[in-house]
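# Understanding the architecture of this molecule
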Amino acid sequence: MKSVLFIASVVLFVTVPVLLKAQSKTDRVVGYYLTYDDETGKEKSQIKVYKAANGKYVGEIVWLKEPKEANGTDKLDKNNPDDKLKKRKVIGLLILKDFTYDAAADEWSGGTIYNPSSGKTYNSYMKLEGNKMNVRGYIGKSWMGLGKTATWTREETQRK
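The rules we used
Residues numbered from 1 in each chain as written. Predicted model: local features only at pLDDT ≥ 70, side-chain atom pairs only at ≥ 80, totals over all residues. Heavy atoms only, no water. Helix = DSSP H or I, 4+ residues; strand = E, 2+ residues; numbered from the N terminus. Buried < 20%, exposed > 50% of the residue type's maximum accessible area, 1.4 Å probe, protein only. Contact = heavy atoms within 4.5 Å. Areas by Shrake-Rupley, 256 points an atom, 1.4 Å probe, with all protein chains shown as cover. pLDDT = per-residue confidence, 0-100. Salt bridge = Lys/Arg side-chain N within 4 Å of Asp/Glu carboxyl O. Phe/Tyr/Trp six-rings, centres within 6.5 Å; stacked < 30°, edge-to-face > 60°. Polar contact = N/O pair within 3.5 Å; in protein donor to acceptor, adjacent residues only side chain to side chain.

Summing up its helical and strand segments, the protein chain has one helix and eight strands in all. Along the protein chain, helices (α) and strands (β) appear in the sequence α-β-β-β-β-β-β-β-β when read from the amino end. Across the 160 residues that make up the protein chain, the buried fraction comes to 29%. Of the contacts made within the protein chain by residues no fewer than 6 positions apart, 38% connect residues no fewer than 24 positions apart. When the accessible surface of the protein chain is summed, it comes to about 10400 Å², and 58% of that surface belongs to carbon and sulfur atoms.

This is the structure in structure tokens:
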């Protein structure tokens, strides 16, 4: 009986760190990221990336540098092609959907990114490089070159 307990504890001692390391590698993408305006280069929004209930990674807008329109109303998803969705607030929009971790490429792929400025959705992948995340949105296949890459900066906490 003691040898069975000893073997069981050795197995746990060896496998738990391996499982935790694998999980932490896939969850590295989880956090807050600052985005920048394409034209000015100034900070624009903050995105919270997290693992959804289905196990895929998603991201929502949690902060905007300019959350209000000139008339003082909340910014809305007015460029959405679906008329029913045009009245949604931009803060809270889920703009990253359905990403999974690809260990071979060390990136999160298979997802989409929605651009509320244009109302368009693109295929997408994300790749971490230190405290920066390169997010590429593209049409067709990623290798076709029909896309754009944005670099987001990781932040420790959510902005208010």
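We now examine the confidence of the model for the protein chain. In the predicted model, the protein chain carries a mean pLDDT of 88, and the fraction of residues at 70 or more is 84%. Here residues 4-22 scores under 50 on pLDDT; set against residues more than four positions off or in separate chains, the count is one contact.

What follows covers the pattern of salt bridges. The final tally for this structure, using the stated rule, is 11 salt bridges. Across the salt bridge formed by Lys51 and Asp27, the nearest N and O atoms sit 3.4 Å from each other. One end of the pair, Lys51, is in strand β2 (residues 43-51); the other, Asp27, is in the loop between α1 (2-26) and β1 (31-36), and 24 residues separate them in sequence. A residue is classified by how much of its surface remains accessible, and Lys51, at 38% relative accessible area, is partly exposed.

This part takes up the packing of aromatic side chains. Summed over all chains, the structure comprises two aromatic pairs. Note on Tyr101 and Trp108: the rings are 4.9 Å apart at their centroids and 50 degrees apart in plane angle, and the pair reads as tilted. Among the residues examined, Tyr101 registers a relative accessible area of 17% and is labelled buried. Relative to Tyr138, the ring of Tyr125 has its centre 6.2 Å away and its plane inclined at 50 degrees; by these criteria the two rings are tilted.

Tracing the backbone shows Thr35 in strand β1. Owing to a relative accessible area of 7%, Thr35 belongs among the buried residues under this scheme. Within the structure, the side chain of Thr35 is placed 2.5 Å from the side chain of Ser45, a separation counted as a polar contact. Thr35 has contacts with Lys42, Glu43, Lys44, Ser45, Ile47 and Trp152, leaving out every residue within four places of it along the chain.

What follows concerns the environment of Asp27. Asp27 gets classed as partly exposed once you look at its relative accessible area, which sits at 21%. Measuring from C-alpha to C-alpha, the distance between Asp27 and Trp108 comes to 10.0 Å, with 81 residues separating the pair along the chain. Each residue touching Asp27, except ones within four places of it in the same chain, is listed here: Lys51 and Tyr57.

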